[in-house]
Amino acid sequence: MIVMREPVPDEVARQFLKYFLEDFSGGQSLYSAVRNARQRLEWMEDEFPCASWLPVICQNPAARPFVWAEGSIKNVKKIVVGGIAIALIFTGNHIRENLLKANNSSPIEVSTTNKINTNSSINSTETLQDLGDNFSWGEKILIGYNSNQWKQRGIEAFAKKNYEESIGYFKKSLKLNNNDPETLIYLNNTIAMKPSLSDKLPVITTDTIKPCVIQNPKPLKIAVIAPSFINTQNQINEEILRGVAQAQTETNLSCGIKGRLLQIVIVDDKDKDFIAAKVATKLAKANNKDILAVVGHYSSRATIEAGKVYQENQMVVVSPTSTAVRKSFNKDYGINLNKYVFRTPTNDGIAIKDLVNYMVKNLGKTEAAIAYDSSGSYSKTYREELKNQLQSIENGKLVNLKECDLFNNANLENCVGKANETVSVLVLVPETGVTLNKALKMLDRNNTSNLTLFGGDSLYSKTVENKGGKVRNLRIPIPWVQNEANQSQFETNAHRLWGDRDQVNWRTAMSYDATVAIIEGLKGINGNPTRQGLQQVLSSPNFSAEGAVGKVEFDRNGDRRITSKNDAEIGVLVKVKCNKSTSVGCKFVKVPQQ
């Protein structure tokens, strides 16, 4: 049965049934069709909150799942009956409740995976808990657009605990598409279940690999948050996963952490704060609490909400992308993060410093207007920091324009014009989601103006890059950009692993650094690795890990420590540069400093 966790409006039910049948009749498995349909409901969540989380499969684990087989009348009849059952359940959700009461049981959530075959001839002493639709150790595909038959077969074999078979399929999938970090993580996870096959990992260094001696067959476990965004060209989840997968592969090739291989569960929280809190709760309590740490979350908003849960469970989270200014002993504004939340990118105070320096030294400007989301923690703290830094320079001023409130102003046509009349610099700082889309439209409207634009790091994306000449006046401060010459070891290994320079960006590098920080922290614990022990190691003023961008060290607030040694490497301005006047061949490049 497919049921709704709660009564739903008819429109949500109709849309779900439409999306489900489109995929199911097209050959997708029952589980994949339900998952895809749920994801496609996200556009309705502004009007119907949590709509995508309501549909769930309830099934007898011993029953074979339905398939849509056009050549079999018998199976078609099954689907028709199943479709009628779905429709009835949508209109009578109380049936499910009565069944549960009659059985004196609680709802059973069955995720989008085949059930594990406990009679498999290949057994493992390790058990991986299935955490639900938005979580995967390797038993389901979360990034559907980057799939092939070998990846699907690897998933199915993993779910049945046929690990040797799964390894072969995942390797074939990577041979077909080596630029797929989800599959590489699943390959690592599978090998962690069969440590004797660690030589099956891809070699990404020219150094001689020493034979591994796995001292403890039980892997160490962490999680990574890789959110999906509907209706966008951006593949932020894969950008994050590439850094994590590289760090995991390098570690497992080097015999893991104290002789234990590393497993990583991938999680999709949709970058929604209420979902982030829910997945954080699951991660904190899963697998007998043996998930030791989390790489994530994406936005500062989601990191704040999830961070509260992690603090309650004494669990470390290291965000590679949250950059909002943190409230501290010398700042009375900023976001509140607890001692279990660490961050590897530079915070927005560093980014804004680079922005203001460029304004003054290169443009001769001291005044700017800002278009920001007045409801968002990232946008609001960015505005406060920009105002303070501008006021600290001679004749510096941040001009407030009511036309440029991305949250309250539905029509932003006048923002660019008003900013052009008042000042010659406009800073765009949207949150993710609706206000980001508004900011993108403003970039299009600026095509004919002489306004100099600066943007928050959320605007660093393929969508903006592909606008080409329309964003010729845009500058974005970000934590890191690739070196054209004198590449680091991280860059060399990344290019060897993924084969495409353009797939490695600041989110990849910061995710690598976040994963490496956790790995080195676990290595630094005396005795068995624990959550509390990891927090203590990372908080130590002596902690240091070799990352993609110099040393990874944290200040007493948990943010990345900036020193004279890494100041030149961390924090750069980028712009979009095109080979021609069209958008073809456009990419972000470092802005030369004068």
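The paragraphs below set out a description of the structure included in this document. This one's a predicted model, so the numbers in the text were calculated from it and none came from an experiment. (Residues numbered from 1 in each chain as written. Predicted model: local features only at pLDDT ≥ 70, side-chain atom pairs only at ≥ 80, totals over all residues. Heavy atoms only, no water.)

## Notes on the sheet that holds strand S5 (residues 262-267)
Working step 1: Taken together, the six strands give an open sheet; going across it, the order is S3-S5-S4-S6-S7-S8, and neighbouring strands pair in mixed fashion. Looking along the sheet, the strands with just one partner apiece sit at the ends: strand S3 (135-136) and strand S8 (341-343).
Working step 2: Where strand S4 (residues 220-225) and S5 come together, six bridges link them in parallel fashion. Bridged to Lys 221 within S5 is Gln 263.
Working step 3: Seen against the sheet, helix H8 (residues 236-253) touches S4, S5 and strand S6 (291-295) and runs at an angle of roughly 165° to S5. (Pairing = 2+ DSSP bridges. Helix = DSSP H or I, 4+ residues; strand = E, 2+ residues; numbered from the N terminus. Contact = heavy atoms within 4.5 Å. Axes fitted to C-alpha atoms, helices over the stretch in contact; angles between N-to-C directions.)

## Quick word on the packing of aromatic side chains
Centre distance and the angle of the planes are the two values used to describe a pair of aromatic rings.
Working step 1: The tally for this structure, following the rule as stated, stands at twelve aromatic pairs.
Working step 2: On the numbers, 6.1 Å between centres and 45° between planes, the contact of Phe 170 with Tyr 186 is tilted. Placement of the pair is Phe 170 in helix H6 (residues 163-176) and Tyr 186 in helix H7 (residues 181-193), with a sequence separation of 16 residues.
Working step 3: Look at Tyr 186 and you get buried, because its relative accessible area is 0%.
Working step 4: On the basis of an interplanar angle of 70° and a centroid distance of 6.0 Å, the ring pair of Tyr 378 and Tyr 382 is categorised as edge-to-face. Of this pair, Tyr 378 and Tyr 382 are both found in helix H12 (residues 377-391), four residues apart, which corresponds to roughly one turn of the helix.
Working step 5: We classify Tyr 378 as buried; its relative accessible area is 5%.
Working step 6: Note that Lys 172 overlies the ring of Trp 150, its terminal NZ or CZ placed 4.5 Å from the centroid. (Phe/Tyr/Trp six-rings, centres within 6.5 Å; stacked < 30°, edge-to-face > 60°. Buried < 20%, exposed > 50% of the residue type's maximum accessible area, 1.4 Å probe, protein only. Lys NZ or Arg CZ within 6 Å of the ring centre and 35° of its normal.)

## Quick word on the nonpolar core
Working step 1: One finds Leu 426 and Met 442 to be the most contacted residues of the largest nonpolar core, which totals 100 residues.
Working step 2: Setting aside anything within four residues of it in sequence, one finds Met 442 in contact with Ala 371, Leu 406, Leu 412, Cys 415, Val 416, Leu 426 and Leu 428.
Working step 3: Listed in part, the 51 residues of the second largest apolar core include Trp 137, Tyr 163, Val 265 and Tyr 372. (Core = buried A, V, L, I, M, F, W, Y, C linked by side-chain atoms within 4.5 Å.)

## Section: the state of the cysteines
Working step 1: Applying the stated rule across the entire model yields two disulfides.
Working step 2: In this model, Cys 404 is linked to Cys 415 through a disulfide, with the two sulfur atoms separated by 2.0 Å. Between Cys 404 and Cys 415 the disulfide shows an S-S torsion of about 105°. By sign, it is right-handed. Of this pair, Cys 404 sits in the loop between strand S10 (397-399) and helix H13 (413-422) while Cys 415 sits in helix H13, and the two are eleven residues apart along the sequence. The residues Cys 404 and Cys 415 share a single accessibility class, namely buried.
Working step 3: Between the sulfur atoms of Cys 578 and its disulfide partner Cys 586 the distance amounts to 1.9 Å. Between Cys 578 and Cys 586, the disulfide has an S-S torsion of 105° and is therefore right-handed.
Working step 4: Here Cys 586 falls in the buried class, since its relative accessible area comes to 10%. (Disulfide = S-S within 2.5 Å.)

## Regarding empty space enclosed by the protein
Working step 1: On inspection of all chains with the given rule, the structure shows five cavities of 30 Å³ or more.
Working step 2: Lining the largest cavity are 14 residues; nearest its centre among them are Tyr 298, Ser 299, Thr 321, Asp 457 and Ser 458.
Working step 3: Residues belonging to the lining of the largest cavity are distributed by class as follows: four nonpolar, seven polar and three charged. (1 Å grid on protein atoms, 1.4 Å probe; cavity = no way out; pocket = protein on both sides within 12 Å on 5 of 7 lines; lining within 4 Å. Points joined across faces, edges and corners; volume = space filled by probe spheres on them. Nonpolar A, V, L, I, M, F, W, Y, C, P; charged D, E, K, R; others polar.)

## Brief notes about unusual backbone geometry
Working step 1: Here the bond from Gly 296 into His 297 is cis, since omega is 0°, no more than 30 degrees from zero.
Working step 2: Along the chain, His 297 turns up in the loop between S6 and helix H10 (300-312).
Working step 3: Of note in this structure, Lys 161 is not a glycine but carries a positive phi near 65°.
Working step 4: Checked against the element boundaries, Lys 161 lands in the loop between helix H5 (149-159) and H6.
Working step 5: Take Lys 161: its relative accessible area is 18%, and that puts it in the buried class.

## Notes on the pairing of strand S9 (residues 367-372)
Working step 1: Counting buried positions along S9 yields five of six residues, so the element is predominantly enclosed.
Working step 2: In this sheet, S10 lies alongside S9 in parallel orientation, the contact comprising three bridges. Residue pairing across strands places Ala 369 opposite Val 399, the latter belonging to S10.
Working step 3: The handedness of the S9 to S10 crossover, carried by H12, is right-handed. (Right-handed = clockwise from strand over helix to strand, strands pointing away.)

## Regarding the side chain of Glu 491
Working step 1: The residue Glu 491 is located in helix H16 (residues 489-498) in this model.
Working step 2: One buried charged side chain, Glu 491, makes no salt bridge at all; its nearest oppositely charged neighbour is Arg 501, positioned 5.0 Å away.
Working step 3: Sequence-distant contacts of Glu 491, that is, excluding residues within four places in its chain, are made with Trp 480, Gln 482 and Asn 483. (Lys, Arg positive; Asp, Glu negative; His and termini not counted. Salt bridge = Lys/Arg side-chain N within 4 Å of Asp/Glu carboxyl O.)

## A look at the sheet that holds strand S16 (residues 572-577)
Working step 1: Reading across from one edge, S10-S9-S11-S12-S13-S16-S17 is the order of the seven strands in this open sheet, with mixed pairing throughout. Looking along the sheet, the strands with just one partner apiece sit at the ends: S10 and strand S17 (587-590). In this sheet, adjacent strand axes meet at a mean angle of 35° when their direction is disregarded.
Working step 2: Pairing between strand S12 (residues 452-455) and strand S13 (residues 474-478): two bridges, direction parallel. In the sheet register, Leu 453 faces S13, and the bridge partner there is Leu 474.
Working step 3: Contacting S9, strand S11 (425-429), S12, S13 and S16, helix H11 (residues 348-363) runs over the sheet at an angle of about 165° to S12.
Working step 4: The sheet strands contacting helix H14 (residues 434-445) are S9, S11, S12 and S13, and the helix crosses S11 at an angle near 150°.

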